[in-house]
Amino acid sequence: MATLALIAVGLLSLLTFLLFGALLEMYRDIRQLRDAAGILDRPLVVDITSIEGKSPSEYGLPGTLDSAPSAILLFLSERCLTCRVIAASLGEPLPSTLWVVAEARDSQLADNFVKVTNLISHERVLLDIGGQIANRMGLNTSPVGFRIQNGRFASATTVPSTRYLHSILPAPLSLKVRAHPSKPLELSGSRSSYSRQSSVAHPGEAP
Amino acid sequence: MVTLALILSTTVAGILFWAGLEKIRDLTPLASTMHALGVPLRIVRPVAGLLALAEISVAAGLVFRPDSVFSQVGIIALASTFAWAGIVAWWRGEQIHCNCIGGMNRTLGLTQVVAFIPWLGTAAFVHLVIRDPLAFSAVAIQFCALGLVIAGVRSITILRARFEARGDRVCAMEMFLWRR
C-alpha cells in the first residue's frame, strides 16, 4: 500500500512538473503582451533641471558620491509598492555602482519597510527619515534612479522594475596594468602583425 | 559501485523524464527541429511524439528496471539519435535549435556527438554493475524522490517568474494608473 502511494506521489509530481511548465509559458506570454503593449520596463524621464550638474553632498547625501565616476542613486519610498518589490530583490552583494535611499515618513515606517522588504543593511543603503534628502532635491516620485557622472547629477528616470534597474547599472571599468612590460611589437609585412596593431579603431575610421 | 550505478541511472532517468515531458507538453519546437533535420513535414509531429514517448519510456525503464537490457539499449539508441542530429547540423553548417530539454536556445552540433560518450559510458556501467532487479519498495522510493526533485526544480523557476510578473503588474498599476 505504501509502495503504491509512493508511486502515486511520483506520478503526481511528474504531472505537477507538466502543469508548472504550462504556467511558465503563461507567465512568458503575459510578459510578451506587456512588451507588445509598451508597458514593460518603460521608464519615464524625470526633469532634474534644478539639480543637474550639482554634487550629491549639497543635498545631504554622502560625500563619497561626489567622487563617483559613474553611479546610480536609487530613491525608494515606503509608500510605493514597486519600491517594495525592488527593495526586496536587492541582495548581497549590492552592485558596486548602486546607492539606495529609502525614504519614509517616520522611523517606525522606515523599520516596517526594512522588515517587510528585508532590505539589506549596507553602507550604500541609506534611510531618509522624514524625506529630508528627497525634499531638498524636490523629489516627489518613486522609484527614481539618478545617474551620477563624475560626482554630479546627470539625468534621472523612473525605475519600473528590478530588471530595468540592472540594465542601467553602469559597469565599472578600470585600466588593467600588466605585471611585466610586453616586448615591443616588430613591424613586418605579415598580415597578423598589422591585424593586431590595427585592432583598435580610431573614431571615424573603419576597424 | 551499485550505489554509484543507481545514482547515474536515476540522474539519466531524471534528465530523460524532464526532456520527454517538456516535449510532450509542446511538440512544436521539436517538430520544427526535426523538420530542419530533414524529416518530412507530414510525419514530423508523429515522429516527434514518438521520440518524446521513447524518452519517457527509457526513463521509466531506468527507474523501474535498470538491470534490463532494453533500458540500457534505450539510452544508447537515444544518444545515437541525438548524436546523429548533431552530425547532420554540423555537416550542413546550419544553426538548428536543439530543443533537447525543452525550450533551451542551444543549437545542435558536435556537443551532441561528444555527449554520446558519457551516455554510452553510463549504459555500459549500469549494465556491468546492476545485474538483478531492484526491490519494488526501493524502486517506488526512487521514483517518488525523482518526481519530487524534478517538480521542485521547476517550481524554483515558477517562483522567479511569478515574482517578476507581480513586479511588472504592480509597476503598471502604479505608473500608468491602471485599476483592477
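Structural data are supplied above this passage.
Student: Describe the nonpolar core, listing the residues and the values that go with them.
Tutor: With 33 residues, the main nonpolar core has B:L16 and B:F17 as its most contacted residues. Every element with two or more residues in this core is listed here: α1 (2–37) of chain A together with α1 (2–25), α2 (28–37), α3 (41–64), α4 (69–92), α5 (110–129) and α6 (136–175) of chain B. It is α3(B) that provides the largest number of residues to this core, a total of eight residues. Leave out the neighbours within four places in its chain, and B:F17 touches A:L14, B:I56, B:A59, B:A60, B:V63, B:F143, B:L146 and B:I150. By size, the runner-up hydrophobic cluster in this structure holds 22 residues, among which are A:Y59, A:L73, A:L139 and A:V144.

Student: If you had to explain helix α3 (residues 107–117) of chain A to someone new, which residues and values would you point to?
Tutor: All names here are of chain A. Among the residues making up α3, those that are buried are A110, F113 and T117. Take α3 and look down its axis: the buried residues cluster within an arc of 60 degrees, on one side only. Away from its buried face, by an angle of more than 90 degrees, α3 presents the exposed residues Q108, D111, K115 and V116. Structurally, α3 contributes buried residues whose contacts are with β1 (70–77), α2 (81–89), β2 (98–104) and β3 (125–129). Its side-chain oxygen placed 3.1 Å from the backbone nitrogen of Q108, D106 serves as the N-cap of α3. Two residues or fewer past α3, N118 is found with a positive phi of approximately 55 degrees.

Student: So what's going on with unusual backbone geometry? Residues and values would help.
Tutor: Residues and elements named next belong to chain A. The omega angle of the peptide bond from S142 to P143 is -5 degrees, so this bond is cis rather than trans. Checked against the element boundaries, P143 lands in the loop between α4 (132–137) and β4 (144–149). Residue D41 is not a glycine yet carries a positive backbone phi of 55 degrees. By secondary structure assignment, the location of D41 is in the loop between α1 and β1.

Student: Requested: an account of the interface of chain B and chain A, with residues and values cited.
Tutor: Contacts between chain B and chain A engage 36 residues on the former and 36 residues on the latter. Here chain B and chain A share an interface that buries about 3,300 Å² over both sides, 77% of which is from carbon and sulfur atoms. Linking chain B with chain A are four salt bridges, by the criterion used here. B:E164 serves as the salt-bridge partner of A:R163, at 3.0 Å between the closest nitrogen and oxygen. For the interface between chain B and chain A, the tally reads five residue pairs in polar contact (both at pLDDT 80 or more). For the side of chain B that touches chain A, the secondary structure elements donating two or more residues are α1 and α6 of chain B. Among the elements that take part in the side of chain B that touches chain A, α6(B) stands out by supplying 28 residues, more than any other. Broken down by class, the residue content of the side of chain B that touches chain A amounts to 22 nonpolar, five polar and nine charged.

Student: So what about the pattern of salt bridges? Which residues, and what values?
Tutor: Proximity of charged atoms lets side chains of opposite charge pair with each other. Going through the model one piece at a time under the given rule, you end up with 11 salt bridges over all chains. Between A:R79 and A:E103 there is a salt bridge; the shortest N-O distance is 3.0 Å. Of the two residues, A:R79 is situated in the loop between β1 and α2 and A:E103 in strand β2; the sequence distance between them amounts to 24 residues. The residue B:E55 makes a salt bridge to B:K23 at a minimum N-O spacing of 3.1 Å. Here B:E55 is found in helix α3, whereas its partner B:K23 is found in helix α1, with 32 residues between them in sequence. In this pair, the class of B:E55 matches that of B:K23, namely buried. Among the ionic contacts, a cluster of salt bridges with common partners joins A:R31, A:D41, A:R163, B:E164 and B:D168.

Student: Give me the lowdown on the pairing of β4(A), citing residues and values where you can.
Tutor: Residues and elements named next belong to chain A. Sheet analysis places β1 next to β4, joined by six bridges and oriented antiparallel. Bridging across to β4, S70 finds its partner in Q149. Relative to strand β5 (residues 152–158), β4 runs antiparallel, the two sharing six bridges. Considered in β5, the bridge of I148 is made with F153. A loop of two residues connects β4 with β5, the two strands running antiparallel in sequence, and N150 in this loop sits at a positive phi of about 50 degrees.

Student: Lay out the packing of α2(B) against α3(B) with the relevant residues and their values.
Tutor: All names here are of chain B. Orientation of α2 relative to α3, taken along the N-to-C sense of each, is 120 degrees, at an axis distance of 9 Å. Considered as vectors, α2 and α3 are oriented oblique to each other. The way α2 lies across α3 gives a crossing that is right-handed. Contacts from T28, L30, A31, M34 and H35 in α2 reach L41, V44, R45, V47, A48 and L51 in α3. Residues belonging to the contact of α2 with α3 are distributed by class as follows: eight nonpolar, two polar and one charged.

Conventions we followed
- Residues numbered from 1 in each chain as written.
- Chains lettered and ligands numbered in written order.
- Predicted model: local features only at pLDDT ≥ 70, side-chain atom pairs only at ≥ 80, totals over all residues.
- Heavy atoms only, no water.
- Core = buried A, V, L, I, M, F, W, Y, C linked by side-chain atoms within 4.5 Å.
- Buried < 20%, exposed > 50% of the residue type's maximum accessible area, 1.4 Å probe, protein only.
- Helix = DSSP H or I, 4+ residues; strand = E, 2+ residues; numbered from the N terminus.
- Contact = heavy atoms within 4.5 Å.
- Arc of directions from axis to C-beta.
- Polar contact = N/O pair within 3.5 Å; in protein donor to acceptor, adjacent residues only side chain to side chain.
- Buried area = accessible area lost by both parts, 1.4 Å probe.
- Salt bridge = Lys/Arg side-chain N within 4 Å of Asp/Glu carboxyl O.
- Nonpolar A, V, L, I, M, F, W, Y, C, P; charged D, E, K, R; others polar.
- Pairing = 2+ DSSP bridges.
- Axes fitted to C-alpha atoms, helices over the stretch in contact; angles between N-to-C directions.
- Parallel < 35°, antiparallel > 145°, perpendicular 65-115°, else oblique.
- Left-handed = near helix turned anticlockwise from the far one by under 90°.

These values are about where atoms sit, not about what they do.
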